[in-house]
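Working through the structure, step by step
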Amino acid sequence: MAQSTTTESVPVARGGNTPARLADDTSQGKTTISASVVQKIAGISAREISGVHAMGGGVSRAFGALRERIPGGGTSATSGVQVEVGEKQAAIDLDIVVEYGASIVDLAKAVRRNVITAVERMTGLEVIEVNIAVNDIKLPSEEDEDSETNTRVE
């Protein structure tokens, strides 16, 4: 008879503000890191790579554009970023829009490397995977059209 092995289930938080990780448990106290913190780190580090035009799918980019127009709304560092965070590990999903002419393969490698480095350095979590979905490509002609429609006064 084959002996079955059981794996211990690790609590996972998806997005949100739930404290998801026990980063440090000492006699002086414990530190937890929220999944939303990991989400922001991943979003900021992905945007740092040249060739990433925007983050998120069409709907989230539309809401982001509206948010930017509201005074105090700012931009969302978490748009296009989903995370799963356990006690010791994190998995990250990114939705990106690339600039035309960029090598998507090289860009994805650079984004993945930057996100893993930033999240592991800042949180101590082991990043087990970074999945990247390229949802759109920004053409140079689209940038000219965008700048014309955003101008109110000539």
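Calculation rules
- Residues numbered from 1 in each chain as written.
- Predicted model: local features only at pLDDT ≥ 70, side-chain atom pairs only at ≥ 80, totals over all residues.
- Heavy atoms only, no water.
- Helix = DSSP H or I, 4+ residues; strand = E, 2+ residues; numbered from the N terminus.
- Contact = heavy atoms within 4.5 Å.
- Core = buried A, V, L, I, M, F, W, Y, C linked by side-chain atoms within 4.5 Å.
- Buried < 20%, exposed > 50% of the residue type's maximum accessible area, 1.4 Å probe, protein only.
- Pairing = 2+ DSSP bridges.
- Right-handed = clockwise from strand over helix to strand, strands pointing away.

On to the overall build of the protein chain, then. Check the secondary structure of the protein chain and you find four helices and seven strands. Ordered by position from the N terminus, the helices and strands of the protein chain form the series β-β-β-α-β-α-β-β-α-β-α. If you take every contact in the protein chain between residues at least 6 apart in sequence, the share linking residues at least 24 apart comes to 68%.

A few words on the nonpolar core. Ranked by size, the top nonpolar core spans 26 residues in total, and within it Ile92, Leu94, Val111, Val115 and Val119 carry the most contacts. Going through the elements one at a time, helix 1 (35–47), strand 4 (52–55), strand 5 (81–85), strand 6 (89–99), helix 3 (104–123) and strand 7 (126–138) are the ones with two or more residues in this core. Take this core: its biggest share by element is six residues, from helix 3.

Bringing the pairing of strand 7 into the picture now. It is a general feature of regular strands that their side chains alternate between the two faces of the sheet. In this sheet, strand 7 lies alongside strand 6 in parallel orientation, the contact comprising eleven bridges. By the bridge assignment, Val98 is partnered in strand 7 with Ile137. Regarding topology, helix 3 serves as the crossover connection from strand 6 to the parallel strand 7, and that connection is right-handed.

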